[in-house]
There are 2 protein chains.
Amino acid sequence: MKNENYEIDITQCPIAPVQKVISGKWNMVIIYFLSQGVMRFGELQRKLPGVTQAALTKQLRLLEEYKMVHREIYKQVPPKVEYSLTETGIKFLPVLTALEEWATEYQVLESSALS
Amino acid sequence: MKNENYEIDITQCPIAPVQKVISGKWNMVIIYFLSQGVMRFGELQRKLPGVTQAALTKQLRLLEEYKMVHREIYKQVPPKVEYSLTETGIKFLPVLTALEEWATEYQVLESSALS
DNA sequence: CTGTATCCTACGAGATACTG
DNA sequence: CAGTATCTCGTAGGATACAG
């Protein structure tokens, strides 16, 4: 009961199955920041202006489910939770780097060639 | 009136501004298929099982706006429209390749390490 | 501090029917 | 063939309040 409702099953396109991982408003941004090191919930939230606790939590749970991020809970008061990339998440970084490079170029285009 | 309503403006994360380009259910898949060559509307639709004309059209218009795809209209009856990647779109391919590689590995994980 | 639990709204995207 | 025009629905994601 995890991807039964996900109708994209195209054998012709290898990226279709992982489309959900890269979608989502904050996914990539979260991964980006986590690539710089382990972070606590609050830290992460402060990095993402405009995200609400509820939204951030939901996104993190998703990324956890996708095995992208690891959640380390410290049993203490006040609570402390640290997020970090998993092996799979780390293997994803080349994608992020490529995207980052492209984004930089793209921005140049946007400010020159576009209206 | 194009990104005024797009509140992510984080200077700290370079990929935030292009997040919209990679989101969307079909964007990446479309780019993937267009990377294999110029395609007509109908061809593209047949490649994407489950997509409706309305949805595909909308996505293509978006990708056009993002300067990712080029739309070539042949003034004739019946109409013929060909879609292809722009320069920006082609520069994006490394990202797609990286994602593709990762996706392949990821699939392996999903079928072995996951329940 | 790090969450849940609701409520609410905007938007993506499918279904369907119609046009040049 | 390649679109538009509506309608509808599900869901992502914001606001807010409360909890351990």
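As a convention, each chain's residues are numbered from 1 in the sequence order in which they are written. As a convention, the first chain written is A and the first ligand written is 1, with the rest following in written order. For this predicted model, a pLDDT threshold of at least 70 governs which residues receive local features, and a threshold of 80 or more governs which side-chain atom pairs are given and counted, while totals over whole chains, interfaces and linings are taken from all residues. Only hydrogens and water are set aside; all other atoms, that is, all heavy atoms of the structure, feed into the side-chain values.

*Asks:* For this particular structure, what's the right way to read the overall build of chain A?
*Replies:* Runs of E in the DSSP output that reach at least two residues are strands. Runs of H or I that reach at least four are helices, and both are numbered from the N terminus. The number of helices and strands found in chain A is six helices and three strands. Only protein chains enter the calculation, and the probe is 1.4 Å; a residue is then buried if its accessible area is under 20% of its type maximum, exposed if over 50%, and partly exposed in between. Buried positions account for 43% of the 115 residues belonging to chain A. Contact criterion: two residues are considered in contact whenever any of their non-hydrogen atoms come within 4.5 Å of each other. For chain A, contacts bridging at least 24 residues in sequence account for 42% of all contacts bridging at least 6. All accessibility values rest on the Shrake-Rupley procedure with a 1.4 Å probe; residue burial counts only the protein chains present in the view. Carbon and sulfur atoms make up 53% of the accessible area of chain A, which amounts to about 6400 Å² in all.

*Asks:* Where do I start with helix H4 (residues 53–65) of chain B in this structure?
*Replies:* Residues and elements named next belong to chain B. Expected span of a helix, by definition, is 1.5 Å for each gap between consecutive residues, and there is one gap fewer than residues. In a regular helix each residue adds 1.5 Å, so 13 residues correspond to 18 Å; H4 covers 18 Å between its end C-alpha atoms and thus fits that length. Considered for burial, the residues of H4 that qualify are Leu-56, Gln-59, Leu-60 and Leu-63. Burial along H4 is one-sided: seen end-on, the buried residues are contained in an arc of 100°. Summarising the geometry of H4, the exposed residues directed more than 90 degrees from the buried face are Ala-54 and Lys-58. Lys-67 lies just past H4 and shows a positive phi near 65°. What the arc covers is the set of directions going from the helix axis to the C-beta atoms.

*Asks:* Teacher, can you tell me more about the sheet that holds strand E2 (residues 69–74) of chain A here?
*Replies:* In any sheet, the strands associate via hydrogen bonds between backbone groups, in a parallel or an antiparallel arrangement. All names here are of chain A. One requirement defines pairing of two strands: DSSP has to find at least two bridges between them. Taken in spatial order, the three strands make up an open sheet running E1-E3-E2, and their pairing is antiparallel. Bordering the open sheet on either side are strand E1 (39–40) and E2, each of which pairs with just one other strand. The sheet strands contacting helix H2 (residues 27–34) are E1, E2 and strand E3 (80–85), and the helix crosses E3 at an angle near 95°. Lying over the sheet, helix H4 (residues 53–65) contacts E2 and E3, oriented at roughly 115° with respect to E2. Lines fitted to C-alpha atoms define the axes, with helix axes restricted to the stretch in contact, and inter-axis angles between N-to-C directions lie between 0 and 180 degrees.

*Asks:* Where do I start with helix H2 (residues 27–34) of chain B in this structure?
*Replies:* Every α-helical turn comprises 3.6 residues, leaving residues that sit three or four positions apart pointing alike. Summarising burial for H2 of chain B: eight of the eight residues are buried, a large majority. Listed in full, the buried residues belonging to H2 of chain B are Asn-27, Met-28, Val-29, Ile-30, Ile-31, Tyr-32, Phe-33 and Leu-34 of chain B.

*Asks:* What should I look at first to understand the packing of aromatic side chains in this one?
*Replies:* The description of an aromatic ring pair uses the distance of the two centres, along with the angle that the planes make with each other. A pair of Phe, Tyr and Trp rings is counted when the ring centres sit within 6.5 Å of each other, with Trp represented by its six-membered ring. The angle between the planes then sorts it: under 30 degrees is stacked, over 60 is edge-to-face, the rest tilted. Following the criterion strictly, the structure yields eight aromatic pairs over all chains and no others. On the basis of an interplanar angle of 75° and a centroid distance of 5.3 Å, the ring pair of Tyr-32 of chain A and Phe-33 of chain A is categorised as edge-to-face. This pair shows no difference in class: Tyr-32 of chain A is buried, exactly as Phe-33 of chain A is. Look at Phe-92 of chain A and Trp-102 of chain B: their rings are 4.8 Å apart centre to centre, the planes differ by 75°, and that puts the pair in the edge-to-face class. On the criterion of chain membership, the pair formed by Phe-92 of chain A in the loop between helix H5 (87–91) and helix H6 (93–112) and Trp-102 of chain B in helix H6 (residues 93–112) is interchain, its members lying in two chains. Grouping aromatic residues by their ring pairs yields a cluster made of Phe-92 of chain A together with Trp-102 and Tyr-106 of chain B.

*Asks:* Even after reading the chapter, I still don't get the pairing of strand E3 (residues 80–85) of chain B, so can you show me in this structure?
*Replies:* Each regular strand shows side chains that alternate between the opposite faces of the sheet. Residue and element names in this part refer to chain B. In this sheet, E3 lies alongside strand E1 (residues 39–40) in antiparallel orientation, the contact comprising two bridges. Residue pairing in the sheet places Met-39 in a bridge with Tyr-83 of E3. Summarising the sheet, strand E2 (residues 69–74) and E3 pair through six bridges and their orientation is antiparallel. Directly across from Glu-72, in E3, lies its bridge partner Glu-82.

*Asks:* What should I look at first to understand unusual backbone geometry in this one?
*Replies:* Excluding glycine, a negative phi dihedral is what most residues carry, and trans is how most peptide bonds are arranged. All names here are of chain A. Of note, the bond from Val-77 into Pro-78 is cis; its omega dihedral lies within 30 degrees of zero at 0°. Mapped onto the secondary structure, Pro-78 falls in the loop between E2 and E3. Positioned with a positive phi, Lys-67 is a non-glycine residue whose angle comes to about 65°. Checked against the element boundaries, Lys-67 lands in the loop between H4 and E2.

The values reported here are purely geometric and, on their own, carry no functional implication.
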